[in-house]
Amino acid sequence: PQSFIMMRNNSLLPILLIALQLPLCCTGFAFQLPKIQMPWEGGTTSILSSTTNKKSPIKSNDKVVIFGATGGVGQLVTKKLSARDGKNYQLTIAARDAARAKETLDNDNIDVVELNLVGDNKATDAELQAAIEGATGVVVSVGTTAFPTKRWDGGNNPKAIDMEAVTRIANAASNVDTVRRMVLLTSVGVSRTNQMPFLILNLFGVLDAKRAGEDAVKSAAGEAGFSYSIVRPGRLVGGPYTNLDLANLFKIEGGAENGVDVAGGDVLLGDCKRDACAEAVVQCLENDSCVDLEFSLVSNEDTALTNDGWSSAFTSM
C-alpha cells in the first residue's frame, strides 16, 4: 500500500511513532510499540535525573566532612554550617590533633576524627575513606606557608599537603557513593605563576602544588560523578589569624563589609576576608547553581551577596 511505502522511505516516521506510541496498522490488524522511558519523563530514575541528583546540593541533616577545620577559613566554614537555621548538618572534622580541634571549635555537636595527612604516621587510604563514609559534602581547606617556616616541620610542606594529601582525599571521596559536593580552597595565581607577584609566591612551589591538588579533585569528580568547586581567594585577611604572614603580623582586617568580586577562572588580584571566603565555600555546598565551577574571589566594600546574588554569580560563569 502507498502508506507502507511512505513509512519505509521516511526515516523520521519510526522515531515519531516510538515517541508518540502510535499504533501501526497493517493488513487489518494493529499492534502498539512498547513504551520507552524518556529521560525527561517521571517514573523510574533516568540517566539524566541520576546525574542531577549526584551533583545536587547538600540537604538538611546531611553529613559534611571538613579537612582543615582548625585553620582560619576552616573554622568559619564549620561555624557557618553549624549555625545554618533548620539545617542540622552532621559535621565531622578530620584533624591532626583531636584535642586541639575540640578546644578550638568549642562545639560538642561536632564529631572529631583524628587523622594526620602528612608525615610517617599519616592516615591510610582506608582511614580517609572511613572518615568520609556517609557524607554528601566534603570541604578541603588545608595548607601551609608558602615559604619554609616551622609549619613545615614533620613534612608539612606544600607538596605533601596541597598536592599529595589533597589527591588522597579526593581519591577517597571518589570511592564514597554518597558524596555529591566537594569544595577545595586554593589560591589566586595557580595559573599565573609566571607573573608577579605570583612568581615570588611560588618560589618554593606552593602554587604548583595547589594546582596539582585542583587537578586531582576535578579528576576524581569526573570519575565518580559528584560536583566539584575550586575556590581561589586572594590574600586572606581578617580573623581568625592562623598563618605566619604579614596579614597576621599586622592584623589586617579588610573592609567593614563582606562584599566580594567573583570571576570564573584565575583572573582576580587583591585581598579576601576569611569570613567572605568561608561563605563562598558554604554556598558551593548549598547552592543549586554551583556545579563544577572554579573561580577567584576578592573582597570589596559592597554589602555581602544574598543567596540569589550568589546564584547569579555562579550562573554567570
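For the structure, check the block above.
Residues numbered from 1 in each chain as written. Predicted model: local features only at pLDDT ≥ 70, side-chain atom pairs only at ≥ 80, totals over all residues. Heavy atoms only, no water.

Is there a simple way to explain the pairing of strand β4 (residues 90–95) in this structure?
Looking along a regular strand, one sees side chains alternate from face to face of the sheet. Burial of β4 is extensive: five of the six residues sit out of reach of the surface. Bridging between strand β3 (residues 63–67) and β4 involves five bridges; their strand directions are parallel. Paired with Val64 across the strands is Leu91, a residue of β4. Read as a crossover between parallel neighbours, the route from β3 over helix α4 (residues 72–83) to β4 is right-handed. Pairing of β4 with strand β5 (residues 111–114) involves four bridges; the strand directions are parallel. Bridge assignment links Thr92 to a residue of β5, and that residue is Asp111. Assessed by its sense of winding, the connection that carries the chain from β4 through helix α5 (residues 98–105) to β5 is right-handed. (Buried < 20%, exposed > 50% of the residue type's maximum accessible area, 1.4 Å probe, protein only. Helix = DSSP H or I, 4+ residues; strand = E, 2+ residues; numbered from the N terminus. Pairing = 2+ DSSP bridges. Right-handed = clockwise from strand over helix to strand, strands pointing away.)

Looking at this model, I keep getting lost on the packing of aromatic side chains. Mind explaining?
Counted according to the given criterion, the structure contains four aromatic pairs. Judged by centre distance (6.0 Å) and plane angle (85 degrees), the ring pair of Phe147 and Phe204 falls under edge-to-face. Note that Phe147 is positioned in the loop between β6 (135–140) and α7 (158–174) and Phe204 in the loop between α8 (198–201) and α9 (206–224), a separation of 57 residues in sequence. Its relative accessible area of 45% is what places Phe204 among the partly exposed residues. Taken together, Phe147, Trp152 and Phe204 form an aromatic cluster joined through their ring pairs. (Phe/Tyr/Trp six-rings, centres within 6.5 Å; stacked < 30°, edge-to-face > 60°.)

Honestly, the side chain of Lys55 in this entry has me stumped. Any pointers?
Structurally, Lys55 can be placed in the loop between α3 (47–54) and β3. Residue classification places Lys55 among the buried residues on the basis of a relative accessible area of 18%. Residues in contact with Lys55, not counting those within four places in the same chain, are Arg180, Arg181, Gly225, Phe226, Ser227, Val291 and Asp292. (Contact = heavy atoms within 4.5 Å.)

How should I be thinking about the packing of helix α6 (residues 125–132) against α7 in this particular structure?
How two helices sit against one another is set out by the angle between their axes and by the gap between those axes. Remark: α6 packs on α7, axes separated minimally by 9 Å, with the N-to-C direction vectors making an angle of 60 degrees. Comparing the axis directions of α6 and α7 gives the class oblique. Between α6 and α7 the crossing geometry is right-handed. Contacts between α6 and α7 involve Asp125, Leu128, Gln129 and Ile132 on the former and, on the latter, Arg168, Ile169, Ala172 and Ala173. Broken down by class, the residue content of the contact of α6 with α7 amounts to five nonpolar, one polar and two charged. (Axes fitted to C-alpha atoms, helices over the stretch in contact; angles between N-to-C directions. Parallel < 35°, antiparallel > 145°, perpendicular 65-115°, else oblique. Left-handed = near helix turned anticlockwise from the far one by under 90°. Nonpolar A, V, L, I, M, F, W, Y, C, P; charged D, E, K, R; others polar.)

Please clarify how α5 should be interpreted in this entry.
Every α-helix winds through 3.6 residues per turn, so residues three or four apart in the chain are directed the same way. Residues of α5 that are buried include every one of Ala98, Ala101 and Leu105, and no others. Viewed along the axis of α5, the buried residues span an arc of 60 degrees, placing them on a single side of the element. Opposite its buried face, α5 presents the exposed residues Ala99 and Glu103, each directed more than 90 degrees away. Where α5 is buried, its residues touch α4, β4 and β5. At the C-terminal side of α5, Asp106 shows a positive phi close to 50 degrees. (Arc of directions from axis to C-beta.)

Hey, could you run me through the environment of Leu184 in this one?
On the secondary structure map, Leu184 appears in strand β7 (residues 181–185). Residue classification places Leu184 among the buried residues on the basis of a relative accessible area of 2%. Separated by 97 residues in the primary sequence, Leu184 and Val281 place their C-alpha atoms 8.2 Å from one another.

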